[in-house]
Amino acid sequence: MDFNQNYFEIFGLPVTFKLDLDGLSRRYRELQKELHPDNYASSTEHEKRLSMQWSSLVNAANETLKSPQARAIYMLELKGVDIDHNPVLPPAFLMEQIELREELESLEDDPAGLDKLDTFKVRVKDVMSGLERQFEAVVNEDDEKALTAVYEMQFMTKLMASAHHLEEKLLDY
Amino acid sequence: MALLQITEPGQAIDPHLRKRAAGIDLGTTNSLIASVRAGVAETLPDQEGRHMLPSVVRYSEQGVVVGEDARVQAAEDPLNTIVSVKRLMGRGVNDVDTLGNQLPYEFSATEGGVPRIVTRSGEVTPVEVSAQIIRALVGRASETLAGDLDGVVVTVPAYFDDSQRQATKDAAQLAGINVLRLLNEPTAASIAYGLDTGAEGTIAIYDLGGGTFDISLLRLTRGVFEVLATGGDSALGGDDLDRAIAEWILQQCGHSEKLNPSQLRGLMMQARQIKESLTDKDEVDVRVDDKGLHFEGRLTRVQFNELIASLVDKSIKACRRTVRDAGVALNEIDNVVMVGGSTRVPLVIDRVHDYFGTQPLNNIDPDRVVAIGAAVQANILVGNKPDDEMLLLDVLPLSLGLETMGGLAEKVITRNTAIPTSRAQEFTTYKDGQTAMLVHVLQGERELVQDCRSLARFELKGIPPMVAGAAKILVEFRVDADGLLSVSARETSTGVEAFVEVKPSYGLTDEEIMQMLQSSFDHAQEDAEQRSLAEARVEAGRVIEALGNALDEDGEALLGESDIALLRGAIDKLGSLADGSDTRAITEGIEMLGKASEEFASLRMDVAVRKALAGRQVADIDSEYS
């Protein structure tokens, strides 16, 4: 095991988008059981430092792989795709975004806003799942399409964050 | 020379070789110390059989008084009796101004920004006051366990930021104890329950202490505790319930003038007694007769519930938010654990029950459960249970970030990220020819710098002049398993580097701590040199033991004979150095041995990883065929 392994290799997993999340979390725990600094509380300084570095790396790998969006971006990075270059999004997707944004804004003054927000969030999640399937289907064939799917995921993530913000506002935090 | 001891593998450690470890719950209102004895974790009482030590320190004419005696005298001598000092830990002078209305003390500000409380024994910092409490607890433990403690786990609210954690660690250091780990209080509570009941699943820990409210969601799987999310309110606690009653009494008295500190203290104490009585009784007689305050009547539980409803609701809102952060549905939460004396209040139990839809657990004393869990963890970390499988995974309670242009805070590590962790972010210069860059480290969730807590500022100097945007400055954040941060910055094209251990603005520098140690009357007789020699010897012993054990376990498998002989030789050399009295030689010897064993340490880590993966592969094969 070395620090140059990619995140999938660290967990002994194949580089695929469709991941066995239970398996990931099981392997994550097994690795941390060996590597976590608590195991080295009475060890030498060098072992402590190594354990902290390894444990940090395993944490970073786990957080990246368990989130579909972060995992997708990471896979494109591994393939050397330039993810800072923004693809042109299909007009239909942009229209849908505008509609969803408007709908979200209208919930702010709606007396039943909180309940409707729950339904809204389910819809956002559905779109997200669709994008994940789309990414999975094209990631090995078409970099540009895969990048578009990731970019759309980022839009949906921001929308979800706005929905969370609104929920906090409605709950009067 | 000692005779060789032969024990069966897995047999219990000889009681004489057992290390003394303890868990400390440093609370706002009360503090406790617990230890594992004969396999059972229990809180340790003082000579009069009292387990809870009131977190009250009085600077009296005869010296420092800690605990019950100080608490009893609090009303007579409020300015010299420090209560709820935990609320001040890691806080700056500005924070104290906000809290100041509620506190009867006189403060004197210092350049460092650390608030100092003016007492008759001079000015004291919150860290020093906390160290007194820790000393009192440790003294109790040393007596009960008949010897000095080898290591201690100290608990902190999950919501504590970096400066508050650092201040807590400073206090323990000042009290002269070896801190094995800072542990989040709710996590400690779950350890106590996890081992007692063998629970698995998702657990919510509802902790309404004296001065802080914490809600944590943990997942327990096969002996692994994972913190899914933490939240809470660092300014909500049982004290606030008392205050609600005190305010009600004042209203009944028709009193509107400012109370003097001793009146206020007396009233708060009475309010607390009323709160406690209303746990079992439906109503309580209230009588006040004190200079200008006159009232006789009664408070019913129904009225009390009305007084505190908004406070309890505040805690439930924080629960809602944390459940959402954790990404779990309410019906996935199997258990709710109650921590803190105020969770005995019937309205609190009802509201928690209603929200989570499950009967909360409180069969372990909610005042002691945190200390008990900390003792269990301390016992493991000190090495008394080498075969134990428990692993504690923790998360960062508050996001860490940097100031960017326009007074905005850019998050580098978001809250609820598993720790330890490290993350690097690249920044660039904004002016042509810029040769220095200020790195301002922040903690908090808000977007504006002014709304976040400032942890540290440092400057990266010597950037070669380039056009704006050409320099690449890599800022790396590293958070250790205690949640404490260090930051480094590097210009990547030239390698110019700057590094800080984040000593938060409100913490104390190591020199300040050394000074305090020296001036502290408990250690006045001790020579500082003697002390550092003793410390170096202890450290040498620790390193020798650690490496010796490692060689016994893996030496033959991983190293050639000559390498083993080399390391054994180095160990012996350090051993003889430690017998001498040259502190510097010992410290250098420790470093040498560390260097010599680096390669071996790396090999061992590799083996550990391979073992983890191998175990996993066997398990996978099993599940495929079953």
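What counts as what
- Residues numbered from 1 in each chain as written.
- Chains lettered and ligands numbered in written order.
- Predicted model: local features only at pLDDT ≥ 70, side-chain atom pairs only at ≥ 80, totals over all residues.
- Heavy atoms only, no water.
- Helix = DSSP H or I, 4+ residues; strand = E, 2+ residues; numbered from the N terminus.
- Rg over C-alpha atoms; globule rule 2.2 N^0.38 Å.
- Buried < 20%, exposed > 50% of the residue type's maximum accessible area, 1.4 Å probe, protein only.
- Contact = heavy atoms within 4.5 Å.
- Areas by Shrake-Rupley, 256 points an atom, 1.4 Å probe, with all protein chains shown as cover.
- Lys, Arg positive; Asp, Glu negative; His and termini not counted.
- Charge placed at Lys NZ, Arg CZ, Asp CG, Glu CD.
- Core = buried A, V, L, I, M, F, W, Y, C linked by side-chain atoms within 4.5 Å.
- Domains from an automatic or database assignment.
- Buried area = accessible area lost by both parts, 1.4 Å probe.
- Salt bridge = Lys/Arg side-chain N within 4 Å of Asp/Glu carboxyl O.
- Polar contact = N/O pair within 3.5 Å; in protein donor to acceptor, adjacent residues only side chain to side chain.
- Nonpolar A, V, L, I, M, F, W, Y, C, P; charged D, E, K, R; others polar.
- Pairing = 2+ DSSP bridges.
- Phe/Tyr/Trp six-rings, centres within 6.5 Å; stacked < 30°, edge-to-face > 60°.
- Lys NZ or Arg CZ within 6 Å of the ring centre and 35° of its normal.
- Expected span 1.5 Å × (residues − 1).
- Axes fitted to C-alpha atoms, helices over the stretch in contact; angles between N-to-C directions.

1. Considering the overall build of chain A
Helices and strands together make up the secondary structure of chain A, namely 7 helices and 0 strands. Seen in sequence order, chain A has helices and strands lined up from the N terminus as α-α-α-α-α-α-α. Over its C-alpha atoms chain A spans a radius of gyration of 20 Å, topping by over 25% the 16 Å that the globule rule assigns to 173 residues. If you line up chain A on its principal axes, its C-alpha atoms span 60 × 45 × 25 Å. Put simply, chain A has 173 residues, and 46% of those count as buried. Of the contacts formed within chain A by residues at least 6 apart in sequence, a portion of 67% connects residues at least 24 apart. Of the roughly 8,800 Å² of accessible surface on chain A, a fraction of 52% belongs to carbon and sulfur atoms. Charge separation in chain A, taken as the distance between the mean sites of 19 positive and 34 negative side-chain charges, equals 5 Å.

2. Comments concerning the overall build of chain B
A tally of helices and strands in chain B yields 15 helices and 28 strands. A total of 626 residues make up chain B; the buried ones form 53% of that total. Counting only contacts in chain B whose residues sit at least 6 apart along the sequence, the fraction spanning at least 24 positions is 66%. For chain B, the exposed surface amounts to about 28,700 Å²; the carbon and sulfur share of it is 48%.

3. Here's the deal with the nonpolar core
In terms of nonpolar packing, the biggest core is built from 56 residues, with Phe11(A) and Phe135(A) touching the most fellow members. Per element, the largest residue contribution to this core is 10 residues, and it comes from helix H7 (residues 143–170) of chain A. Among the nonpolar cores identified, the runner-up in size contains 49 residues, and Ala244(B), Leu250(B), Leu299(B) and Ile308(B) belong to it.

4. What to know about the domain arrangement of chain A
You can read the domains of chain A as domain 1 (7–66) and domain 2 (91–170). When each unit is reduced to the centre of its C-alpha atoms, the spacing between domain 1 of chain A and domain 2 of chain A is 31 Å.

5. Notes on the interface of chain A and chain B
Taken together, the contacts link 42 residues of chain A with 45 residues of chain B. Summed over both partners, the interface of chain A with chain B buries about 4,000 Å², with 55% contributed by carbon and sulfur atoms. On the surface where chain A and chain B come into contact, there are 3 salt bridges. Counting the contacts that link chain A with chain B gives 9 residue pairs in polar contact (both at pLDDT 80 or more). Those elements giving two or more residues to the side of chain A that touches chain B turn out to be helix H2 (21–35), helix H3 (45–66) and H7 of chain A. The biggest single contributor to the side of chain A that touches chain B is H3(A), with 13 residues. A per-class count over the side of chain A that touches chain B returns 14 nonpolar, 12 polar and 16 charged.

6. What to know about the pairing of strand E24 (residues 437–443) of chain B
Residue and element names in this part refer to chain B. Here E24 lies mainly inside the structure; 6 of its 7 residues are buried. With 3 bridges joining them, strand E20 (residues 400–404) and E24 adopt antiparallel strand pairing. Note that in E24 the partner of Leu 400 across the bridge is Gln 443. The pairing of E24 with strand E25 (residues 453–460) spans 7 bridges and is classified as antiparallel.

7. A look at the environment of Val40(B)
Position of Val40(B) relative to the elements: it lies in strand E3 (residues 40–43). Look at Val40(B) and you get partly exposed, because its relative accessible area is 46%.

8. Details of the environment of Leu400(B)
All names here are of chain B. Within the fold, Leu 400 resides in strand E20. Through-space distance from the C-alpha of Leu 400 to that of Arg 20 is 36 Å; in sequence the pair is 380 residues apart. Setting aside residues up to four positions removed in sequence, Leu 400 forms contacts with Glu 410, Lys 411, Val 412, Ile 413, Leu 442, Gln 443, Leu 455, Phe 477, Val 479 and Leu 485.

9. Some remarks on unusual backbone geometry
Residues and elements named next belong to chain B. A cis amide bond links Ile 419 with the next residue in sequence, Pro 420, at an omega value of 5°. Position of Pro 420 relative to the elements: it lies in the loop between strand E22 (418–419) and strand E23 (421–427). You will see that Ala 38, though not glycine, has its phi angle at about 50°, which is positive. Note on placement: Ala 38 falls in the loop between strand E2 (30–37) and E3. A relative accessible area of 85% places Ala 38 in the exposed class. Here Ala 146, not a glycine, exhibits a phi torsion of approximately 55°, which is positive. Mapped onto the elements, Ala 146 comes out in the loop between helix H3 (126–145) and strand E11 (151–156).

10. Examining the packing of aromatic side chains
Residues and elements named next belong to chain A. In total, this model carries 8 aromatic pairs over all chains according to the counting rule given. Arranged with centres 5.7 Å apart and planes meeting at 85°, the rings of Tyr 151 and Phe 155 form a pair that is edge-to-face. Placement of the pair is Tyr 151 and Phe 155 together in helix H7, with a separation of 4 residues, close to one helical turn. Clustering of aromatic rings is evident, with ring pairs tying together Tyr 7, Phe 8 and Tyr 74. The side chain of Arg 71 reaches across the aromatic face of Phe 17, ending 4.6 Å from its centre.

11. A closer look at helix H4 (residues 162–174) of chain B
Residues and elements named next belong to chain B. Relative to the 18 Å expected for 13 residues at 1.5 Å per residue, H4 spans 18 Å between its end C-alpha atoms, a close match to the ideal helical length. For H4, every residue scored as buried is listed here: Asp 162, Ser 163, Gln 164, Arg 165, Gln 166, Ala 167, Thr 168, Asp 170, Ala 171, Ala 172 and Leu 174. Taken from the residues just after H4, Gly 176 is the one with a positive phi, measuring 80°.

12. Overview of helix H7 (residues 261–280) of chain B
Residues and elements named next belong to chain B. Helix length check: H7, at 20 residues, gives a terminal C-alpha distance of 30 Å against a target of 28 Å (1.5 Å per residue), a fit within 8%. Of the positions making up H7, those classed as buried are Gln 263, Arg 265, Leu 267, Met 268, Ala 271, Ile 274, Lys 275 and Leu 278. Residues of H7 that are buried make contact with strand E7 (81–82), helix H6 (238–253), strand E16 (283–290), strand E17 (293–300), helix H8 (301–326) and helix H9 (346–356).

13. A word on the sheet that holds E7(B)
Residues and elements named next belong to chain B. Read across the sheet, 3 strands follow the order E6-E5-E7 without closing on themselves; strand pairing throughout is antiparallel. Edge positions in the sheet fall to strand E6 (63–66) and E7, since each of these pairs with one other strand and no more. The pairing of strand E5 (residues 57–60) with E7 spans 2 bridges and is classified as antiparallel. Residue pairing in the sheet places Val 57 in a bridge with Ile 82 of E7. Against the sheet, H3 engages E5, E6 and E7, with an angle of about 105° to E5.

14. Some remarks on the sheet that holds strand E8 (residues 107–108) of chain B
All names here are of chain B. One open sheet holds the 3 strands; their spatial order is E8-E9-E10, and the pairing between them is antiparallel. Only two strands of the sheet have a single neighbouring strand rather than two, namely E8 and strand E10 (122–124). As paired strands, strand E9 (residues 116–119) and E10 are joined by 3 bridges and run antiparallel to one another. What sits directly across from Val 118, in E10, is Glu 123.

15. Looking at the pattern of salt bridges
Counting across every chain of the model gives 40 salt bridges over all chains. Two residues, Glu48(B) and Arg50(B), come together in a salt bridge whose shortest N-O distance is 3.6 Å. In this structure Glu48(B) comes out as exposed when scored by relative accessible area, which is 63%. Judged by its relative accessible area of 29%, Arg50(B) falls in the partly exposed class. Residue Arg478(B) pairs with Glu476(B) through a salt bridge whose shortest N-O separation is 2.9 Å. In the salt-bridge network here, residues are joined through shared partners; they are Glu47(A), Glu553(B), Asp554(B) and Arg604(B).

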